[in-house]
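Residue-level structural notes
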Protein chains: 2
Amino acid sequence: MTSDKTIGRLSLYRRLLNELLAGGAKYVYSHHLANEAGVTAAQVRRDLMAVGYNGSPSHGYDVSELVESIRSFLDAPKGQGVALVGVGNLGRAILAYFNGRRPHLSIVAAFDSDPHKVGRVVHGCYCHPIEELPRIVAEKHIGVAIVAVPANEAQELAETLVRSGVRSLVNFVPAPLHVPPHVYVEDVDITTSLEKAAYFARGGAVREEVLP
Amino acid sequence: MTSDKTIGRLSLYRRLLNELLAGGAKYVYSHHLANEAGVTAAQVRRDLMAVGYNGSPSHGYDVSELVESIRSFLDAPKGQGVALVGVGNLGRAILAYFNGRRPHLSIVAAFDSDPHKVGRVVHGCYCHPIEELPRIVAEKHIGVAIVAVPANEAQELAETLVRSGVRSLVNFVPAPLHVPPHVYVEDVDITTSLEKAAYFARGGAVREEVLP
DNA sequence: GCTAGCCTGTGACAAGTTTCACAGCGTGAG
DNA sequence: CTCACGCTGTGAAACTTGTCACAGGCTAGC
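Quick summary incoming for the structure in this document. It should be emphasised that the depicted structure is a prediction, and the values quoted were computed from it without experimental measurement.

Scoring rules and cut-offs
Along each chain, residues carry numbers from 1 onward, in the same order as the chain's sequence is written. Think of it this way: whatever chain is written first is A, whatever ligand is written first is 1, and the rest follow in order. Note on the predicted model: pLDDT of at least 70 is required for a residue's local features to be given, and 80 or more for side-chain atom pairs to be given and counted; whole-chain, interface and lining totals, by contrast, use all residues. Computation of side-chain values covers all heavy atoms of the structure but excludes hydrogens and water. Segments assigned H or I by DSSP are reported as helices when at least four residues long, segments assigned E as strands when at least two residues long, and all are numbered from the N terminus. Buried means the residue's accessible area, taken with a 1.4 Å probe over protein chains only, is under 20% of the maximum for its type, while exposed means over 50%, and partly exposed covers the values in between. Contacts are assigned to residue pairs that have any heavy atoms within 4.5 Å of one another. For any pair of parts, buried area is found by adding up, for both, the accessible area (1.4 Å probe) each one loses once the two are put together. Salt bridge, as used here: a side-chain nitrogen of Lys or Arg that lies within 4 Å of a carboxyl oxygen of Asp or Glu. Three categories are distinguished: nonpolar for Ala, Val, Leu, Ile, Met, Phe, Trp, Tyr, Cys and Pro, charged for Asp, Glu, Lys and Arg, and polar for the others, with Gly belonging to the last. To form a nonpolar core, buried Ala, Val, Leu, Ile, Met, Phe, Trp, Tyr and Cys residues must be joined to one another through side-chain atoms within 4.5 Å. Any residue with a heavy atom lying within 4 Å of a molecule or strand is counted as near it. Polar contact criterion, stated in full: a pair of N or O atoms within 3.5 Å, where within protein one must be able to donate a hydrogen and the other to accept it, and residues adjacent in sequence count only if both atoms are side-chain atoms. Strands pair, by our definition, only if DSSP identifies at least two bridges between them. Every axis in this analysis is a line fitted to C-alpha atoms, fitted for helices over the stretch in contact. Angles between the N-to-C directions lie between 0 and 180 degrees.

The phi angle of most residues is negative, glycine excepted, and most peptide bonds adopt the trans form. Residue and element names in this part refer to chain A. For His-123, which is not glycine, the phi dihedral falls at a positive 45 degrees. Checked against the element boundaries, His-123 lands in the loop between β5 (121-122) and β6 (125-129). Given a relative accessible area of 32%, His-123 falls into the partly exposed group. Phi is positive for His-141, close to 50 degrees, though the residue is something other than glycine. Mapped onto the elements of the fold, His-141 is located in the loop between α6 (133-139) and β7 (144-147).

Looking now at the environment of Asp-189 of chain A. Its location among the elements puts Asp-189 of chain A in the loop between β9 (184-187) and α8 (190-201). Asp-189 of chain A sits in the buried class, given a relative accessible area of 17%. Between the C-alpha atoms of Asp-189 of chain A and Phe-172 of chain A, which are 17 residues apart in sequence, the distance is 5.8 Å. If we ignore the near neighbours within four places in the chain, the residues touching Asp-189 of chain A are Pro-174 of chain A together with Arg-15 of chain B.

Time to look at the interface of chain A and chain B. Every contact between the two is made by 67 residues of chain A and, on the other side, 69 residues of chain B. Buried surface at the junction of chain A and chain B, both sides included, amounts to about 6,200 Å², of which 62% is carbon and sulfur. With a closest N to O distance of 3.2 Å, Asp-189 of chain B and Arg-15 of chain A form a salt bridge. Looking at the side of chain A that touches chain B residue by residue, the classes come out as 36 nonpolar, 15 polar and 16 charged.

Attention now goes to the nonpolar core. Formed by 52 residues in total, the largest nonpolar core has its most connected members in Ile-107 and Ile-146 of chain A together with Ile-107 and Ile-146 of chain B. Here Ile-107 of chain B is in contact with Val-82, Leu-84, Ile-94, Leu-95, Phe-98, Cys-125 and Ile-146 of chain B, once residues within four sequence places are set aside.

As a further point, take the protein's contact with DNA strand C. What surrounds DNA strand C is a group of 22 residues, the closest being Ser-30, Arg-45, Arg-46, Asn-54 and Gly-55 of chain B. In DNA strand C, the atoms that sit within 4 Å of the protein are 65% sugar and phosphate, with bases accounting for the remainder. In this structure, Arg-46 of chain B approaches DNA strand C through a side-chain N or O atom, which is 2.5 Å from a base oxygen. Only α1 (4-22) and α3 (41-51) of chain A together with α2 (30-37) and α3 (41-51) of chain B provide two or more residues apiece to the surface near DNA strand C. For the surface near DNA strand C, the residue count by class is six nonpolar, ten polar and six charged.

Time to look at the sheet that holds strand β5 (residues 121-122) of chain B. Residues and elements named next belong to chain B. Strand order in the open sheet formed by seven strands is β5-β6-β4-β3-β7-β8-β9, and the pairing between neighbours is mixed. The open sheet has two free edges, formed respectively by β5 and β9 (184-187), since each of these has just one partner strand. Here helix α5 (residues 89-98) sits on the sheet in contact with β3 (80-85), β4 (105-112), β5, β6 (125-129) and β7 (144-147), set at roughly 160 degrees to β4.

The subject of this paragraph is the protein's contact with DNA strand D. Around DNA strand D sit 23 residues, and of these Ser-30, Arg-45, Arg-46, Asn-54 and Gly-55 of chain A come closest. The side chain of Gln-43 of chain B places a nitrogen or oxygen atom 3.3 Å from a phosphate oxygen of DNA strand D. In the environment of DNA strand D, a sugar or linking oxygen lies 3.4 Å from a nitrogen or oxygen atom belonging to the side chain of Ser-58 of chain B. Within the residue set of the surface near DNA strand D, elements represented by two or more residues are α2 (30-37) and α3 of chain A together with α1 (4-22) and α3 of chain B. Looking at which element gives the most residues to the surface near DNA strand D, the answer is α3 of chain B, with four residues. The class makeup of the residues in the surface near DNA strand D is seven nonpolar, ten polar and six charged.

A separate point is the sheet that holds β9 of chain A. Residue and element names in this part refer to chain A. What the seven strands build is an open sheet, ordered β5-β6-β4-β3-β7-β8-β9; its pairing is mixed. A strand with exactly one partner marks an edge of an open sheet, and here the two such strands are β5 and β9. With two bridges joining them, β5 and β6 adopt antiparallel strand pairing. Across the sheet, Val-121 pairs through a bridge with Tyr-126, a residue of β6. Lying on the sheet, helix α7 (residues 151-164) is in contact with β3 (80-85), β7 and β8 (168-171); it crosses β7 at an angle near 170 degrees.

All we've got here are geometric facts, nothing functional implied.
This is the structure in structure tokens:
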């Protein structure tokens, strides 16, 4: 029922709220959070309906309580293990990016088919041979996988992952993956993003914010 | 008038069509292309209305003509230069990713504020000091910039880029950039993508908490 | 030459998402 | 105490995006 886009914004709100918390703020109004996030106040309030936390009309939202509500809504109760497949340039950058930062959502295993990479520890993560993927994914109850392999290996890999029990993929390959309906795919397509940006660089982009 | 999402799909269609072309296909039907792209046939036809190319009811679309039509619709007539700012792990991966592959949309300059990176050639791209950004962007008529710097430098950088004449940003920083309305921002937020994937990995339907 | 079949292009409709607008309430000023 | 204010939560309107369904037309086979 809760939409894709709402989930994405909740993730963003949480990060912004954590910053506010670090800055010492105790309460926050929807319009303030909206301004930080670049959306409207009504949208923030609508999104927060999904998590079920109620703010006070006089002070707004209690920042730490709201963070906790979003956390219990978004995060799996027991944490969630993530597998990274493909330890090339992009895979290594992703590992570095997430390294240690996220306790509840960490990359617990890396895989590659290249024997030169297998056995190495990359940014704190051991690289297993791709053949062991089904066993390790099952043993560690990994539900999410990041696909960062060459394009021609992606579809076969996706099928292996799904057979091994993965429920959700983050796909960095610029080609659509064909998976059964119960599997969620989040595409991160840098090529398309760049081409969109190039298209809108000419012609008119219409946004509403201004420089602070 | 043509929406964001249509542009993204056109970029995808073009890549799929190029693959078909490489495979020797001469004609393609909307339902075939739709199947490759993971969308419906009606959507493909609707999207292609934007580019103005007409297929034939009997053979479908002429692949190479269609590719050419999409190209002339999407790409800037004289090509488009792209700047990359931030030559860290992610920036280097992006450089490697795009290296040489795209003639009409190539990264023509890289920038970093770290003196250790300045002057080095990374994946075929010279790294300039950040201070020279306004001059080089103006001289090379760069309209698109990729933002891959630490989060706390992103907003200031965005303002510098906009002042230097950049019209469009691809933002890899997990925080929204505040820019004037004429500037387009394409967010590529890996953190949010992963959190979305994690959310949908569990049934999604099964909410653990109900009303208090 | 005619009919059956399948395709495209597109108006009309449906679904999904965002914004509007207002009731209701707690707070602080007078 | 009372009033006015400004905020939240939410039904309903507005807008955006995707799908349906069919007219029109080319082709193939008879």
